[in-house]
Amino acid sequence: MLKKMMALSGSLLLTVGLLSGCGSSGGTDASKESAGGKEDLKTVTINMFTASPEYTDAFNAYIEEYKKVKPNVKINLEIMQADYNTILKSKIASGSTPDVFQTTAGGDIDTYADYSADLTNEPLASAMTDAVRANMSSSDGKVLGLPVKGNLFTLIYNKDLLTKAGVTSPPKTIAEMQDAVNKLEAKGITPFANAYKEWWVWKHIFQHYVDAAAQDAGVEPKQLVSDFIAGKAKIKDYPVLYNNFFNFIDLTVKHGTDKPLERDSNAEVSDFASGKAAFMTGKGAWDEEAIKKINPDLKIGIMGYPVSDKADQSVIITGADQALRINKDSEVSKETIEFFNWLYTSEYGKNWFSQVAKVIPPIKDAPLPDLEMPKEMESILKTSKSGDLSVNYSLDTFHQKFGELMQAYISGNMNKDQAVAEIEKAWVQLGSAQ
């Protein structure tokens, strides 16, 4: 039984039946002419259940392409964002686990281990980048997930607005950020666009501070998060978390767009793209196309969060935070694994990530999409390290509660110490599947 499940927000429900009706997995025999006469091919149906509506067209594209490779394989795609977690749990509990389903990576790799095929020795696992493979692996080293995409988590900025304010380079320290805020406001420019109505943007910011706190303590981020989950660590013992993180949030609220708890992700993108703010918090590479649709000429920059007065702790974070899982008990698990081996190793697949889905490829030897943020990422990583994707070490059950507590903090319904106490409690109660 699942003990804890990820939490997913949103209100969009898309059900897309592709190529055939939504029958159960399995199939019938079909005939195909071959050099030796008639060859019986079993028609199989793969049912995919995912929570990424933004990739509907891209998923449809690779399903259509696969018809040319395996005409006997039919794929039904069901995409649901609202209540995805609840419905997935219901499907698993009723014995109707989809052939392919989606979870978050990291801790949830272990949560769903009993339902996931072992992909460790498959070509698709060898194709993953090292960082992504680690995000897809269980605590005992088995590859149990497939990356939906590679990702980039960063503070995003408007190059022209910083130049207009006389900020010659992106701030890397707390003092440099305060200086940038002062210069922007002197030119009548709002420093920050926020989406604090969303619970998930908070984890994207917080992980940068977790990485720095771990570095200061001389431990890996995974160990620090484990200590919080075990109740062994206290936020007050880590100044980067207790002081710097909360001070940064205070800064973004004080010097940000109005009514931050009413600004959702789309509103933040609109605020930033229309030039209403210089920095965009809590977001990443997935927002570039939406920004460019509003303002094609906007020059986008990316940077690490200025988490301390150590410039080298200001780093971007890369990795994979969403995973597809193949049901190990599926009647068509062999055909499903074959399908994803094709996607992750074929020439079409290598180009699908960048040219069709327009995401950062999670596999080796694949081109980057023709977008500014991935190109800047590639340039930055030539001389700077990537931070650890530490959101993966706690379940989204915790992250959702964390976001709600931070919303209570900035609304004034909790002071900092009350929020800290509740965050520590939530980490113990919700942080892991154990």
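On a predicted model such as this, the values are computed, not experimentally measured, just so you know.

### Comments concerning the overall build of the chain
If you tally the helices and strands in the chain, you get 17 helices and 13 strands. Dimensions of the chain along its principal axes, counting C-alpha atoms only, are 80 × 50 × 35 Å. Considering the chain as a whole, with its 434 residues, one finds that 56% of them fall into the buried category. Excluding contacts between residues fewer than 6 apart, the proportion of contacts in the chain whose partners are at least 24 apart in sequence is 76%. Taken as two groups, the 46 positive and 57 negative side-chain charges of the chain have centres that lie 1 Å from each other.

### Quick notes on the nonpolar core
Counting residues in hydrophobic clusters, the biggest one holds 56 residues, and the most contacted among them are Leu241, Phe245, Ile249, Phe279, Met406 and Ile423. Only β8 (151-158), α6 (159-164), α7 (174-186), α8 (200-217), α9 (221-229), α10 (239-254), α16 (396-411) and α17 (416-430) provide two or more residues apiece to this core. Of all hydrophobic cores here, the second largest spans 44 residues; its members include Met128, Ile326, Phe340 and Leu343.

### Digging into the packing of aromatic side chains
Throughout the structure, instances matching the rule amount to 32 aromatic pairs. Where phenylalanine 339 meets phenylalanine 340, the ring centres are 4.7 Å apart and the plane angle is 55°; that geometry is what we call tilted. Phenylalanine 339 sits in the buried class, given a relative accessible area of 0%. Taken together, a centroid distance of 6.1 Å and an interplanar angle of 20° make the contact between phenylalanine 339 and tryptophan 342 stacked. Of the two residues, phenylalanine 339 and tryptophan 342 are both situated in helix α13 (residues 333-345); the distance of 3 residues between them amounts to about one turn of the helix.

### So, the packing of α8 against α10
The contact between α8 and α10 brings their axes to 10 Å, and the two run at 145°. Crossing hand, α8 versus α10: right-handed. Contacts from Trp202, Ile205, Phe206, Tyr209, Val210, Ala212, Ala213 and Asp216 in α8 reach Val240, Leu241, Asn244, Phe245, Phe248 and Ile249 in α10. Partitioning the contact of α8 with α10 into residue classes produces 12 nonpolar, 1 polar and 1 charged.

### Structural notes on the pairing of strand β6 (residues 100-104)
The element β6 is extensively covered by neighbouring structure, given that 5 of its 5 residues are classed as buried. Side chains Val100, Gln102 and Thr104 of β6 all project onto a buried face; the interleaved residues Phe101 and Thr103 project onto the opposite face, where all are buried too. Note: strand β4 (residues 44-50) against β6, 2 bridges, orientation parallel. Considered in β6, the bridge of methionine 48 is made with valine 100. For β6 and strand β13 (residues 322-326), the ladder comprises 5 bridges, and the chain directions are antiparallel. Among the inter-strand pairings, threonine 104 is bridged to a residue of β13, identified as glutamine 322.

### Details of the pairing of strand β11 (residues 300-303)
Alternating positions in β11 separate into two faces, Ile300 and Ile302 on one and Gly301 and Met303 on the other, with burial throughout. Pairing of β8 with β11, which is carried by 4 bridges, proceeds in the antiparallel orientation. Opposite asparagine 158, over in β11, you have isoleucine 300 as the bridge partner.

### Observations concerning the environment of lysine 328
Among the secondary structure elements, lysine 328 is positioned in the loop between β13 and α13. The class of lysine 328 is partly exposed, set by a relative accessible area of 40%. When the C-alpha atoms of lysine 328 and tyrosine 409 are compared, they prove to be 43 Å apart, with 81 residues separating the residues in sequence. If near-sequence neighbours (up to four positions away) are discounted, lysine 328 is found in contact with Asp114, Tyr115, Ser116, Ala117 and Ser333.

### Topic: the side chain of asparagine 72
Considering the arrangement of structural elements, one finds asparagine 72 in the loop between α1 (56-69) and β5 (73-80). Here lysine 42 takes part through its backbone oxygen, which lies 2.8 Å from a polar atom of the side chain of asparagine 72. Aside from chain neighbours lying at most four places away, what touches asparagine 72 is Leu41, Lys42, Thr43 and Val44.

### Some words on α10
When the terminal C-alpha atoms of α10 are compared, their 21 Å separation across 16 residues agrees well with the 22 Å that a helix rising 1.5 Å per residue should span. Of all the residues in α10, the buried ones are Val240, Leu241, Tyr242, Asn244, Phe245, Phe246, Phe248, Ile249, Leu251 and Thr252.

### A closer look at the packing of α8 against α9
Where α8 meets α9, the axes come as close as 8 Å, and the angle between the chain directions of the two elements is 100°. Here α8 is positioned roughly perpendicular relative to α9, judged by the angle of their axes. When α8 is examined against α9, the residues Val210, Asp211, Ala213 and Ala214 are found in contact with a partner set consisting of Pro221, Leu224 and Val225. Of the residues belonging to the contact of α8 with α9, the class tally is 6 nonpolar, no polar and 1 charged.

### Digging into the layout of surface pockets
Here the second largest pocket is characterised by a volume of approximately 590 Å³. Listing elements by their share of the lining of the second largest pocket, those giving two or more residues are α3 (107-111), α5 (130-135), α9 and β12 (317-319). Here the residues of the lining of the second largest pocket sort into 7 nonpolar, 17 polar and 3 charged.

Each value, and the rule that gives it
Residues numbered from 1 in each chain as written. Predicted model: local features only at pLDDT ≥ 70, side-chain atom pairs only at ≥ 80, totals over all residues. Heavy atoms only, no water. Helix = DSSP H or I, 4+ residues; strand = E, 2+ residues; numbered from the N terminus. Buried < 20%, exposed > 50% of the residue type's maximum accessible area, 1.4 Å probe, protein only. Contact = heavy atoms within 4.5 Å. Lys, Arg positive; Asp, Glu negative; His and termini not counted. Charge placed at Lys NZ, Arg CZ, Asp CG, Glu CD. Core = buried A, V, L, I, M, F, W, Y, C linked by side-chain atoms within 4.5 Å. Phe/Tyr/Trp six-rings, centres within 6.5 Å; stacked < 30°, edge-to-face > 60°. Axes fitted to C-alpha atoms, helices over the stretch in contact; angles between N-to-C directions. Left-handed = near helix turned anticlockwise from the far one by under 90°. Nonpolar A, V, L, I, M, F, W, Y, C, P; charged D, E, K, R; others polar. Pairing = 2+ DSSP bridges. Polar contact = N/O pair within 3.5 Å; in protein donor to acceptor, adjacent residues only side chain to side chain. Expected span 1.5 Å × (residues − 1). Parallel < 35°, antiparallel > 145°, perpendicular 65-115°, else oblique. 1 Å grid on protein atoms, 1.4 Å probe; cavity = no way out; pocket = protein on both sides within 12 Å on 5 of 7 lines; lining within 4 Å. Points joined across faces, edges and corners; volume = space filled by probe spheres on them.

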